Amino acid sequence: MSDAARQLRQADEFIRRLTAAVRANQLYAPSHPLAGRALKAMGVSANQMLVDDASLAVGFIENEVVVGEIPLVHAGEAFSELLRRVRQVGIERITFDRGVSTEQLALLIETLAHPERAGVTAAGQIPDPLAVLGALTHVRVGRLTLDERVEASAADVATIRRLYTD
């Protein structure tokens, strides 16, 4: 398997694990074994992605997901619920740093699964998911700044990469 194919497979697997962990947290209590397994699998996948790099940025642009520099084709179809949730919270980018703990991943997952409860400790308090996520040290969330958007297909991107790597 080529390095590019391996990276694409890892990126796709990572976003699938993230999506599965959010979904499991929606359906089950965080202490439920299925939610725990989904979180653990997501953590393993994150650590695999962070072996070679100190951080990993995941961008959410309209119906597209970009992991590092790898656009995931058909992401809108496969990850529509995740895209809806990050949009609901106001997130366009999540950056994971090497050494991210399970506790920080759990807080990210919990906040994405239940933004209406984020940071609420008393009745009547307004949830603030971005403030909760802003307190994390190895996971950073924010918005993307795009200087210029260029429309290109996945084939165009692959061709451009090949030109610059050959």
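In the block above lies the structure referred to throughout.
Just so you know, these numbers come straight off a predicted model, no measurement behind them. (Residues numbered from 1 in each chain as written. Predicted model: local features only at pLDDT ≥ 70, side-chain atom pairs only at ≥ 80, totals over all residues. Heavy atoms only, no water.)

Attention shifts here to the overall build of the protein. Per the secondary structure count, the protein includes seven helices and five strands. Each helix and strand of the protein, placed in order from N terminus to C terminus, yields the pattern α-α-β-β-β-α-α-β-α-α-β-α. Within the structure as shown, the protein displays about 9800 Å² of accessible surface, and the carbon and sulfur contribution to it stands at 54%. (Helix = DSSP H or I, 4+ residues; strand = E, 2+ residues; numbered from the N terminus. Areas by Shrake-Rupley, 256 points an atom, 1.4 Å probe, with all protein chains shown as cover.)

Look at helix H2 (residues 33-49) against helix H5 (residues 102-113): their axes get within 10 Å of each other, and the N-to-C directions meet at 115°. Seen from above, H2 lies across H5 with right-handed handedness. When H2 is examined against H5, the residues Leu39, Met42 and Gly43 are found in contact with a partner set consisting of Thr102, Leu105, Ala106 and Ile109. Here the contact of H2 with H5 is built from residues that sort into five nonpolar, two polar and no charged. (Axes fitted to C-alpha atoms, helices over the stretch in contact; angles between N-to-C directions. Left-handed = near helix turned anticlockwise from the far one by under 90°. Contact = heavy atoms within 4.5 Å. Nonpolar A, V, L, I, M, F, W, Y, C, P; charged D, E, K, R; others polar.)

What follows concerns a nonpolar patch on the surface. On the surface, a cluster of nonpolar side chains totalling about 260 Å² of accessible area is made up of Leu27, Tyr28 and Leu34. Position of Tyr28 relative to the elements: it lies in the loop between helix H1 (3-27) and H2. Residue classification places Tyr28 among the partly exposed positions, given a relative accessible area of 32%. (Patch = residues over 30% accessible without salt bridge, like charges linked within 9 Å, V, L, I, M, F, W, Y side chains within 5 Å. Salt bridge = Lys/Arg side-chain N within 4 Å of Asp/Glu carboxyl O. Buried < 20%, exposed > 50% of the residue type's maximum accessible area, 1.4 Å probe, protein only.)

A separate point is the environment of Gln7. Locating Gln7 in the fold gives a position in helix H1. Residue Gln7 is classed as partly exposed on the basis of its relative accessible area of 34%. Sequence separation between Gln7 and Ile70 is 63 residues, and the spatial gap between their C-alpha atoms is 7.9 Å.

Pairing of strand S1 (residues 55-61) with strand S2 (residues 64-67) involves four bridges; the strand directions are antiparallel. What sits directly across from Phe60, in S2, is Val65. In textbook terms, the turn of a hairpin is the stretch between consecutive antiparallel strands, and for S1 and S2 this stretch comprises two residues, one of which, Glu62, has a positive phi near 50°. Pairing geometry for S2 and strand S3 (residues 70-72), over three bridges, is antiparallel. Bridged to Val67 within S3 is Ile70. Counting the residues in the hairpin turn of S2 and S3 gives two residues, including Gly68, whose phi is positive at 65°. (Pairing = 2+ DSSP bridges.)

Moving on, we come to helix H4 (residues 80-89). Every α-helical turn comprises 3.6 residues, leaving residues that sit three or four positions apart pointing alike. Those residues of H4 lying buried are Leu82, Leu83, Arg85, Val86 and Val89. Seen end-on, H4 carries its buried residues on one side only, within an arc spanning 165°. Trailing H4 by a residue or two, Gly90 shows a phi angle of about 95°, which is positive. (Arc of directions from axis to C-beta.)

Moving on to unusual backbone geometry. Positive phi values are uncommon outside glycine, yet Glu62 reaches one of about 50°. Inspection of the secondary structure assignment puts Glu62 in the loop between S1 and S2.

A few words on the packing of aromatic side chains. Applying the stated rule across the entire model yields one aromatic pair. Aromatic pair Phe14 and Phe96: ring centres 5.2 Å apart, planes at 90°, arrangement edge-to-face. Here Phe14, found in helix H1, pairs with Phe96, found in strand S4 (residues 93-97); they are 82 residues apart in sequence, far enough to count as distant. Residue class for Phe14 comes out buried when judged on its relative accessible area of 0%. (Phe/Tyr/Trp six-rings, centres within 6.5 Å; stacked < 30°, edge-to-face > 60°.)

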